[in-house]
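Commentary on secondary and tertiary structure
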Amino acid sequence: LAAIDRALAENPRVLLAIEGGAASGKSTLADLLTAIYPDTALFHADDFFLRPEQRTAARYAQPGGNLDRERLESEILIPISRNKAAVYRPFNCRTLSLREPVTVLPGRLNIVEGSYSMHPDLRGYYDCMICLAITPAGQLRRLEQRNPSMLRRFVDEWIPLENRYFEETGTESAADMIVDTA
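**A few points about the sheet that holds strand β2 (residues 40-44)**
Think of a sheet as strands paired side by side through backbone hydrogen bonds, with each pair either parallel or antiparallel. What the five strands build is an open sheet, ordered β2-β7-β1-β8-β9; its pairing is parallel. The sheet terminates laterally at β2 and β9 (177-180), the two strands that pair on one side only. Each strand of the sheet is rotated relative to its neighbour by a mean of 20°, with strand direction disregarded. With five bridges joining them, β2 and strand β7 (residues 109-113) adopt parallel strand pairing. Following the sheet pairing, His-44 is matched in β7 by Glu-113. Against the sheet, helix α1 (residues 2-10) makes contact with β1 (14-20), β7 and β9, and its axis sits at roughly 155° relative to β1, the strand it touches most. Running at roughly 155° to β1, helix α2 (residues 26-36) makes contact with β1, β2, β7 and β8 (128-133) of the sheet.

Structure representation (structure tokens):
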């Protein structure tokens, strides 16, 4: 909170990234900060998953390639960093398509939470970057509690992609702070 308060004291508008592995507490922390700081705009990286036509072997070969970071940058990060409204179409995981457009005015605090939100291509937009760390055992416990039917997919597919991304992009070392959520 002190780091966010400092950033808010030094800037008219703050763009904050909250990154971490699956079930590390990114959404929980973002919701808590939204309750503490009333003038907050919150964006979820999950709204920027790749559409089916973007899901190629070449794209998945890139660390963090399963996020449409180009769309996150053009629809959220650029407008918010210029103090303009963000107009974007959230991704619908059930239909694998984009929903109707959403317009969000910039807040004094603007949070982008989610895996891959601190991709090296996006880091320059943020005033503050927080990385949440969780042990593998804690991650599995939380994922099983949250959605037992999807646990196998997390273990076989999504966690290995996240781990590779963290290793190859130096996410933790780029963060302004690391919070252990185990």
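Further notes follow.
**Side note on the side chain of Glu-113**
Position of Glu-113 relative to the elements: it lies in strand β7. In this structure Glu-113 is buried but unpaired, with Lys-26 as the nearest side chain of opposite charge at 5.5 Å. Reaching out from Glu-113, the side chain makes a polar contact with the side chain of Ser-27 at a distance of 3.3 Å. A polar contact of 2.5 Å, which involves the side chain of Glu-113, links it to the side chain of His-44. Residues in contact with Glu-113, not counting those within four places in the same chain, are Ile-18, Lys-26, Ser-27, Ala-30, Leu-42, Phe-43, His-44 and Ala-45.

Cut-off values and rules
Residues numbered from 1 in each chain as written. Predicted model: local features only at pLDDT ≥ 70, side-chain atom pairs only at ≥ 80, totals over all residues. Heavy atoms only, no water. Pairing = 2+ DSSP bridges. Helix = DSSP H or I, 4+ residues; strand = E, 2+ residues; numbered from the N terminus. Axes fitted to C-alpha atoms, helices over the stretch in contact; angles between N-to-C directions. Contact = heavy atoms within 4.5 Å. Buried < 20%, exposed > 50% of the residue type's maximum accessible area, 1.4 Å probe, protein only. Lys, Arg positive; Asp, Glu negative; His and termini not counted. Salt bridge = Lys/Arg side-chain N within 4 Å of Asp/Glu carboxyl O. Polar contact = N/O pair within 3.5 Å; in protein donor to acceptor, adjacent residues only side chain to side chain.

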